[in-house]
Amino acid sequence: TKVEDPAGLWHPDVECFSVEDAATKDFLGFYYLDLYPREGKYDHAAVSGLQCGCDLEPSSGEEAGPRQCAIACMMANFTKPTADKPS
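What this report covers is the structure whose coordinates are included nearby.

The rules behind the values
- Residues numbered from 1 in each chain as written.
- Predicted model: local features only at pLDDT ≥ 70, side-chain atom pairs only at ≥ 80, totals over all residues.
- Heavy atoms only, no water.
- Core = buried A, V, L, I, M, F, W, Y, C linked by side-chain atoms within 4.5 Å.
- Buried < 20%, exposed > 50% of the residue type's maximum accessible area, 1.4 Å probe, protein only.
- Contact = heavy atoms within 4.5 Å.
- Helix = DSSP H or I, 4+ residues; strand = E, 2+ residues; numbered from the N terminus.
- Pairing = 2+ DSSP bridges.
- Phe/Tyr/Trp six-rings, centres within 6.5 Å; stacked < 30°, edge-to-face > 60°.
- Salt bridge = Lys/Arg side-chain N within 4 Å of Asp/Glu carboxyl O.

Some remarks on the nonpolar core
What tends to happen in soluble globular proteins is that the nonpolar side chains get buried as a cluster. With 6 residues, the main nonpolar core is built from Val14, Cys16, Tyr32, Cys69, Ile71 and Cys73. Setting aside residues no more than four positions away along its own chain, Tyr32 makes contact with Leu9, Trp10, Val14, Glu15, Cys16, Ile71, Ala72, Cys73 and Met74.

The structure is reproduced here in structure tokens:
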């Protein structure tokens with residue numbers, strides 16, 4: 001699900017999505033898309049894990065403890081879409 005007006009984005013073209021488990025709807029993390037070229041940005045495409053999702057405390061029994069969410073980013077340099085031409 002696209003996150004509207006997320007705080008802390010490094011550029012206005014970057015989009016942020018919240019990711020959830022399809023079956024349980026549990027929140028899993030965030031995925032950032034940085035798809036368009038700009039001055040100072042690398043010319044290649046890459047996908048990077050920025051933060052691993054993991055349990056923060058050992059849990060016993062059925063109730064899960066606190067969890068750190070996963071964060072990943074895809075960076076590319078596609079041409080920006082226009083009104084009559086897709087990216």
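Section: the pairing of strand β3 (residues 46-51)
Of all 6 residues in β3, 0 are buried; the element is thus mostly exposed. Pairing analysis gives 5 bridges linking β3 to strand β6 (residues 70-75), with the strands arranged antiparallel. Residue pairing across strands places Gly49 opposite Ala72, the latter belonging to β6.

Quick look at the pairing of strand β1 (residues 15-20)
Every regular strand shows the same layout, with side chains that alternate between the two sheet faces. Direction of pairing for β1 relative to strand β2 (residues 27-34): antiparallel, over a ladder of 6 bridges. Among the inter-strand pairings, Cys16 is bridged to a residue of β2, identified as Tyr32.

Digging into the packing of aromatic side chains
Taken as a whole and assessed by the stated rule, the structure comprises 2 aromatic pairs. Ring geometry for Trp10 versus Tyr32: centroids 5.5 Å apart, planes at 45 degrees, classification tilted. In this pair, Trp10 sits in the segment before β1 while Tyr32 sits in strand β2, placing the two residues 22 residues apart along the sequence. Classification of Trp10 as partly exposed rests on a relative accessible area of 42%. Considering the side-chain rings of Phe27 and Phe30, the 5.1 Å spacing of their centres and the 65 degrees angle between planes classify their relative orientation as edge-to-face. The exposure class of Phe27 is partly exposed, given its relative accessible area of 43%. Judged by its relative accessible area of 27%, Phe30 falls in the partly exposed class.

Section: the pattern of salt bridges
One pass over the full model with this rule turns up 6 salt bridges. A salt bridge links Glu15 to Lys2; the shortest N-O distance between them is 2.8 Å. Taken together, the residues span a long stretch of sequence, with Glu15 in strand β1 and Lys2 in the segment before β1 at a distance of 13 residues. Assessed through its relative accessible area of 23%, Glu15 is described here as partly exposed. Residue class for Lys2 comes out partly exposed when judged on its relative accessible area of 39%. The closest approach of N and O atoms between Asp34 and Arg38, which form a salt bridge, is 2.8 Å. Note on Asp34: relative accessible area 2%, which makes it buried. A relative accessible area of 24% places Arg38 in the partly exposed class.

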